[in-house]
Amino acid sequence: MEQFIDIHIAKVEPLTTQANLAYWDASTTGKPEDYERFNNLQLEIRRIYHNPQEFAFLKEIKESGQVGDVRLARQLDKLYYAYLRNQIEPELLEKLVDLDGRIQEKYNTFRGTIDGQKVTMSDIYTILTTEKDCHKRELAWRASKQVGDAIVDDLIQLVKLRNEAARKVGFDNYHTLSIVTGEQNIKELDDIFKELCALTNESFAQLKKELDQVLAESYGIAPEDLMPWHYHDPFFQRTPLVYDLDLDIYYKDEDVKELAERYYAGVGLPVDDILARSDLYDREGKYPHAFSFEADRDGDVRILCNLQNTERWMETILHELGHAIYSKYHDRGEPWLLREPAHSFTTEAIAMFFGRLSRNAKWMQQMLGLPDEQRAKIEKVSEKYLQYQQVLFVRWAAVMYNFEKQLYADPEQDLNTLWWDLVEKYQFVKRPPGPVDAGWASKLHFTTAPCYYHNYMLGELLASQLHNHIVQKVLMLESDEGVSYVGDRRVGDYLRRKVLQPGALYHWNEMIMRATGEPLTPKYFVEQFIK
Ligand SMILES: [Zn+2]
């Protein structure tokens, strides 16, 4: 086993670093040759994981149960699932990677239009958060969805190819394969979503009714005439900032990059080296959103953003840096295969844990130097926003999770209608009149992070669980009132020791057990936001 790992890493490590760097180049420049280089390297890596003899060897060892050493056993698990995911014949794999790359390239370089004028996603967000003219809002919202129709045929084709690949290794479809090889369980996920939806039905209906009244009034229309473009976000996945207080005004004369840098240094998780390597501002051809990036599992960590001094970007940079510190602080003494987060949702949890602070009144007071009256004013509404954002997110994630599950179960069905059925059911947003388009496909996650969305929800649950543990057991406080973690190194110390350093040394639920004393539970999320 040890010998196998040594040989494997010697091949995979340098290729992974090269592929990562090619992806960075492609995302920052939008150049076709960078995308091609990335696709080729990715293909080369996947070919290694395709090797059927090596997979048979791993399977045999795993089933024998002979690997007792914790580190070795975890590496075996990682390898086993990585090989299992890639037991696809080379021709099919090549088609998959090509199509994936083609969609991403189209997506990244596509610009929607309003009255024939090209607009960026930043322009669209500005219109959706400030414009009062309903016609202009509708045009901007539709512009945000145009990329959906442009890529949907390729995307459906991709879904079918992924299903074909999954069936060849014995799964009913790609959704099932993703969950199982992600060391998760569909029944458990279904149960979590059912529980969360049941617990939020009433509170969401109430919050939405209040919100609709405020929104309708601001546009001078009746609440029943509200359409999807009235909700400040193309997918209504973020809370419109409408209640008496606009948080953007607190950030517009600040530098969100400097705030994030100062904050992370204060909790003992400095990010200056990360920011120095990062690509932070909008540019033609560049990937329009944000992500965190690790080149080599050896300290070269960066983020990509399109920063503006708004609350949304304050949250985003805190979030992406949360991912980045997870990567940065893995124990470099651990083997390469384990220098990864315990699971993709555990890194989401750390990102969310910090991202939530952009609306925390105490945090804003301490970071922005606000007087007490202003803090009180923010507090009055920010708690409502935080609660709203979380309840809203449960509903939105339920749309994504259920849609994708059905998308892979039957990609031939009328997906455009299915999408709006789910949006009406969970988000209580009306479908627009007229023929339905494939606006749903403008959600890039369907292409780049398939069957992944539930992990954002699990991330929220874990962020609340960690928050609760830190408040009660690390800071020894009775309640989390006024907790902002500003300047408190105990927070960074705890997270580094219990979550970041171990990386993937333990199965995700064992890591959570060790860090908080119990396995993952929705309990603390519900306590914090839904009660
Ligand atoms: Zn994230």
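The structure under discussion appears in the preceding block.
Calculation rules
- Residues numbered from 1 in each chain as written.
- Predicted model: local features only at pLDDT ≥ 70, side-chain atom pairs only at ≥ 80, totals over all residues.
- Heavy atoms only, no water.
- Helix = DSSP H or I, 4+ residues; strand = E, 2+ residues; numbered from the N terminus.
- Buried < 20%, exposed > 50% of the residue type's maximum accessible area, 1.4 Å probe, protein only.
- Contact = heavy atoms within 4.5 Å.
- Areas by Shrake-Rupley, 256 points an atom, 1.4 Å probe, with all protein chains shown as cover.
- Lys, Arg positive; Asp, Glu negative; His and termini not counted.
- Charge placed at Lys NZ, Arg CZ, Asp CG, Glu CD.
- Donors = N, O, S within 2.8 Å, 3.2 Å for Na, K, Ca; no water.
- Arc of directions from axis to C-beta.
- Phe/Tyr/Trp six-rings, centres within 6.5 Å; stacked < 30°, edge-to-face > 60°.
- Lys NZ or Arg CZ within 6 Å of the ring centre and 35° of its normal.
- Polar contact = N/O pair within 3.5 Å; in protein donor to acceptor, adjacent residues only side chain to side chain.
- Core = buried A, V, L, I, M, F, W, Y, C linked by side-chain atoms within 4.5 Å.
- Axes fitted to C-alpha atoms, helices over the stretch in contact; angles between N-to-C directions.
- Parallel < 35°, antiparallel > 145°, perpendicular 65-115°, else oblique.
- Left-handed = near helix turned anticlockwise from the far one by under 90°.
- Nonpolar A, V, L, I, M, F, W, Y, C, P; charged D, E, K, R; others polar.

Participant: Mind laying out the overall build of the protein chain, listing which residues take part and the relevant values?
Facilitator: Within the protein chain, the secondary structure is distributed over 22 helices and four strands. Taken over the C-alpha atoms alone, the protein chain extends approximately 70 × 55 × 45 Å along its principal axes. The proportion of buried residues among the 531 residues of the protein chain is 60%. Across the protein chain, every contact between residues at least 6 apart in sequence was considered, and the portion connecting residues at least 24 apart equals 76%. As displayed, the protein chain offers around 21900 Å² of accessible surface, 48% of which is attributable to carbon and sulfur atoms. When the 64 basic and 85 acidic side-chain charges of the protein chain are each reduced to a single mean position, those positions are 1 Å apart.

Participant: Hey, could you go over the coordination of the zinc ion for me, with residue numbers and the actual values?
Facilitator: Only His 319 (NE2), His 323 (NE2) and Glu 348 (OE) from the protein reach the zinc ion as donors, at distances of 2.1 to 2.2 Å. Positions of the donor residues of the zinc ion, expressed as sequence spacing, correspond to H-x3-H-x24-E. You can see His 319 sitting in helix H13 (residues 311-328) and its partner Glu 348 sitting in helix H14 (residues 344-355), a full 29 residues away along the chain. Each member of the pair, His 319 as well as Glu 348, is classed as buried.

Participant: Tell me about helix H6 (residues 121-130), residues and numbers included.
Facilitator: Along H6, the positions that sit buried rather than exposed are Met 121, Ser 122, Ile 124, Tyr 125 and Leu 128. Seen from one end, H6 has its buried residues packed into an arc of 155°, which puts them on one side. Summarising the contacts, the buried residues of H6 are in contact with helix H7 (134-168) and H13.

Participant: Talk me through the packing of aromatic side chains; I want residue IDs and the actual numbers.
Facilitator: Tallied over the entire structure, the rule returns 36 aromatic pairs. Ring geometry for Tyr 453 and Tyr 456: centres 4.8 Å apart, planes at 65°, overall edge-to-face. One exposure class covers both Tyr 453 and Tyr 456, and it is buried. Over the aromatic face of Tyr 125 sits the side chain of Arg 312, whose NZ or CZ is 3.9 Å from the ring centroid.

Participant: A description of the side chain of Gln 184 should follow, citing residues and the corresponding values.
Facilitator: Tracing the sequence through the fold places Gln 184 in the loop between helix H8 (174-181) and helix H9 (186-219). For Gln 184, a relative accessible area of 11% puts it in the buried group. Looking at Gln 184, its side chain comes within polar contact range of the side chain of His 343, at 3.4 Å. When sequence neighbours within four positions are dropped, the list of residues in contact with Gln 184 reads Ile 179, Leu 189, His 343, Phe 345, His 454, Asn 455, Leu 458 and Trp 508.

Participant: Kindly report on the nonpolar core, identifying the contributing residues and their values.
Facilitator: In terms of nonpolar packing, the biggest core is built from 188 residues, with Trp 419, Trp 440 and Tyr 485 touching the most fellow members. If you tally residues by element for this core, the top one is helix H16 (residues 372-409), at 16 residues. Contact partners of Trp 440, with chain neighbours within four places excluded, come to Val 152, Leu 155, Ile 156, Phe 235, Phe 403, Leu 407, Leu 415, Asn 416, Trp 419 and Phe 446.

Participant: If you had to explain the environment of Arg 339 to someone new, which residues and values would you point to?
Facilitator: Along the chain, Arg 339 falls in the loop between H13 and H14. In this structure the C-alpha to C-alpha distance between Arg 339 and Tyr 326, which are 13 residues apart in sequence, comes to 9.9 Å. Among residues more than four places away in sequence, those in contact with Arg 339 are Arg 297, Asp 298, His 330, Asp 331, Arg 332 and Glu 334. A polar atom in the side chain of Arg 339 sits 2.8 Å from the backbone oxygen of Arg 297. Separated by 3.0 Å, the side chain of Arg 339 and the backbone oxygen of Glu 334 make a polar contact.

Participant: Explain unusual backbone geometry to me, using residue names and the numbers behind them.
Facilitator: Positioned with a positive phi, Asp 115 is a non-glycine residue whose angle comes to about 50°. Phi at Arg 297 takes a positive value of approximately 55°, unusual for a residue other than glycine. Summarising the element assignment, Arg 297 is placed in the loop between strand S3 (291-294) and strand S4 (301-304).

Participant: I'd like a description of the packing of H16 against helix H17 (residues 415-427), backed by residues and values.
Facilitator: The geometry of a pair of packed helices is captured by two quantities: the angle between their axes and the separation between those axes. At their nearest, the axes of H16 and H17 sit 9 Å apart, and the two run at 150° to each other. Classed by the angle they form, the pair H16 and H17 counts as roughly antiparallel. Where H16 crosses over H17, the handedness of that crossing is right-handed. Contacts between H16 and H17 involve Arg 395, Trp 396, Ala 398, Val 399, Met 400, Asn 402, Phe 403, Gln 406 and Leu 407 from the former and Leu 415, Leu 418, Trp 419, Leu 422, Val 423, Lys 425, Tyr 426 and Gln 427 from the latter. The class makeup of the residues in the contact of H16 with H17 is 12 nonpolar, three polar and two charged.

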